[in-house]
Amino acid sequence: MATDSWADGSSRQPNAGHRAVAPTSAQLDVRDLAALRDAVSAAAPDAIAHLAYRPPDHDVIITGTRNVAAVVAETGVRLVHLSTDVVFGGGPAPFVEDDERHPVGDYGRAKADMEDHLSATAPRSVWVRTSLLLADPDEQLAGRDLGQVELDVAGAVRDPSTFSFFIDEFRSPVRASEVAAAVLALAVDRTEVVGPLHVAGNRSMDRMELAQLVARRMGLDPSVLRAVTQAEAGVVGRRPARVVLDSSRATTLGLAPGDP
């Protein structure tokens, strides 16, 4: 039996036997509860992957997630919700799922609030906390399916004065394709997994180190990239300095990504 899972706005087949129904934001606004109910009724999915986000519009996160949770509660459909590493405010050790959250920015606070909302209204859902998403190396070289990290690096190579990269801000970058594979598995195979799950790369990197890696993969010159500290940028306390995720639980489930 084919399984419908709502994904990332693409029409790609995520796996044999599964069909992705993935409306774009132009086709479906998750902030419109009536439209969302109609779309879910028409698609009759076995699972929903809620990835919607439009920076800096946090209403998409808050109202959109509340609406998705309402539909899930009404229908009993399996929900895989994408959350973020920055529900944590930073610390010296890798964060595990049960660590106390203390976001320092609006985005992290909105995501943390929606985790709490899902826990109360859709307790059988799973929310995947992940980190900076990267295209696969062959896609980076070909300039396909690039995300914000790659776009920032390409822009900084073209004009180094427009962008600098932190040398004291550490994350767990991960390939988007590996997160997508984990989302699919959680949607259709690992339905017993609920609550938070960390799915992030197995290597912590500062933003400058990551930018240099991406530039090399894209065939660009990493030597022109400019480094900066949080203090020099005046953002100490407004951005987490070190948020590294421990994905040990995902490893035990066979879902942990590898090297970014």
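Just so it is clear, the structure is predicted and the values come from calculations on it, not from any experiment.

Criteria and cut-off values
- Residues numbered from 1 in each chain as written.
- Predicted model: local features only at pLDDT ≥ 70, side-chain atom pairs only at ≥ 80, totals over all residues.
- Heavy atoms only, no water.
- Axes fitted to C-alpha atoms, helices over the stretch in contact; angles between N-to-C directions.
- Helix = DSSP H or I, 4+ residues; strand = E, 2+ residues; numbered from the N terminus.
- Parallel < 35°, antiparallel > 145°, perpendicular 65-115°, else oblique.
- Contact = heavy atoms within 4.5 Å.
- Nonpolar A, V, L, I, M, F, W, Y, C, P; charged D, E, K, R; others polar.
- Buried < 20%, exposed > 50% of the residue type's maximum accessible area, 1.4 Å probe, protein only.
- Expected span 1.5 Å × (residues − 1).
- Core = buried A, V, L, I, M, F, W, Y, C linked by side-chain atoms within 4.5 Å.
- Salt bridge = Lys/Arg side-chain N within 4 Å of Asp/Glu carboxyl O.
- Left-handed = near helix turned anticlockwise from the far one by under 90°.
- pLDDT = per-residue confidence, 0-100.
- Phe/Tyr/Trp six-rings, centres within 6.5 Å; stacked < 30°, edge-to-face > 60°.
- Lys NZ or Arg CZ within 6 Å of the ring centre and 35° of its normal.

Trainee: I keep staring at the packing of helix α5 (residues 148-158) against helix α7 (residues 207-217) and nothing clicks. Help me out?
Mentor: The description of two packed helices rests on the angle between their axes and on the distance between the axes. Between α5 and α7, whose axes approach to 9 Å, the crossing angle comes to 80°. Classified by the angle between their axes, α5 and α7 sit roughly perpendicular to one another. Each of Val149, Glu150 and Val153 in α5 lies in contact with α7, whose residues at this interface are Leu210, Ala211, Val214 and Ala215. The residue inventory of the contact of α5 with α7, partitioned by class, reads six nonpolar, no polar and one charged.

Trainee: Explain the environment of Leu225 here, please?
Mentor: Position of Leu225 relative to the elements: it lies in the loop between α7 and β12 (226-228). Judged by relative accessible area, which is 7%, Leu225 ranks as buried. C-alpha of Leu225 to C-alpha of Ser248: the two residues are 23 residues apart in sequence and 33 Å apart in space. Each residue touching Leu225, except ones within four places of it in the same chain, is listed here: Val153, Ala156, Val157, Phe165, Met208, Ala211, Gln212 and Ala215.

Trainee: Explanation requested: helix α6 (residues 176-188) in the structure shown.
Mentor: Every α-helix winds through 3.6 residues per turn, so residues three or four apart in the chain are directed the same way. Taking 1.5 Å as the rise per residue, α6 with 13 residues should run 18 Å; its terminal C-alpha atoms sit 19 Å apart, in good agreement. When α6 is considered as a whole, its buried residues turn out to be Val179, Ala182, Val183, Leu184, Ala185, Leu186 and Ala187.

Trainee: Would you explain unusual backbone geometry in this entry?
Mentor: In terms of backbone geometry, most residues other than glycine have negative phi values and most peptide bonds are trans. The phi torsion at Ala44 lies on the positive side, around 45°, for a residue other than glycine. On the secondary structure map, Ala44 appears in the loop between α1 (33-43) and β3 (47-50). One non-glycine residue with positive phi stands out, namely Asp145, at about 50°. Assignment of secondary structure puts Asp145 in the loop between α4 (137-142) and α5.

Trainee: I would appreciate a short explanation of the nonpolar core in the present structure.
Mentor: Note that soluble globular proteins tend to have their nonpolar side chains buried in a common cluster. Core analysis: the biggest nonpolar cluster contains 19 residues, and Val80, Leu186, Leu197, Val199 and Leu255 have the highest contact counts within it. Secondary structure elements with two or more residues in this core: β3, β4 (78-84), β5 (126-130) and α6.

Trainee: I would appreciate a short explanation of the pattern of salt bridges in the present structure.
Mentor: Oppositely charged side chains may form a pair once their charged atoms are brought near each other. Across all of its chains, the model carries eleven salt bridges by this definition. The partner of Arg239 in a salt bridge is Glu169, and the shortest N-O contact between them spans 2.8 Å. Here Glu169 lies in the loop between β7 (164-166) and β8 (170-171) and Arg239 lies in the loop between α8 (230-233) and α9 (248-252), a separation of 70 residues in the sequence. Under the relative-accessibility criterion, Glu169 is labelled buried at 2%. Across the pair Arg190 and Glu192 runs a salt bridge whose closest N-O atoms are separated by 3.8 Å.

Trainee: I tried to follow the packing of α1 against helix α2 (residues 58-75) on my own but got confused; where do I start?
Mentor: The interhelical angle for the contact between α1 and α2, taken along N-to-C directions, is 45°, at an axis separation of 10 Å. Taken together, the axes of α1 and α2 lie oblique to each other. For the element pair α1 and α2, the recorded crossing hand is right-handed. For the pair α1 and α2, contact is made by Leu33, Leu36, Arg37 and Val40 and by Asn67, Val68, Ala70, Val71 and Glu74, respectively.

Trainee: In this structure, what is going on with the confidence of the model for the protein? I would like to understand it.
Mentor: Segments scoring low in pLDDT should not have their predicted coordinates read at a detailed level. Here the protein shows a mean pLDDT of 91. Residues at 70 or above account for 93%. Overall, residues 1-14 carries pLDDT values under 50, and its contacts beyond four positions in sequence, including any with other chains, amount to 50 contacts.

Trainee: Which parts of the structure should I look at to understand the packing of aromatic side chains?
Mentor: Aromatic ring pairs are defined here through the distance separating the ring centres and the angle between the ring planes. Using the criterion set out here, one finds three aromatic pairs in the structure. Geometrically, the ring pair formed by Tyr53 and Tyr107 is tilted, given 5.0 Å between the ring centres and 45° between the ring planes. Placement of Tyr53 in the loop between β3 and α2 and of Tyr107 in helix α3 (residues 106-121) is noted, with a sequence separation of 54 residues between them. Judged by relative accessible area, Tyr107 falls into the partly exposed class, the value being 25%. The ring of Phe170 carries the charged tip of Arg242 above its face, separated from the ring centre by 4.8 Å.

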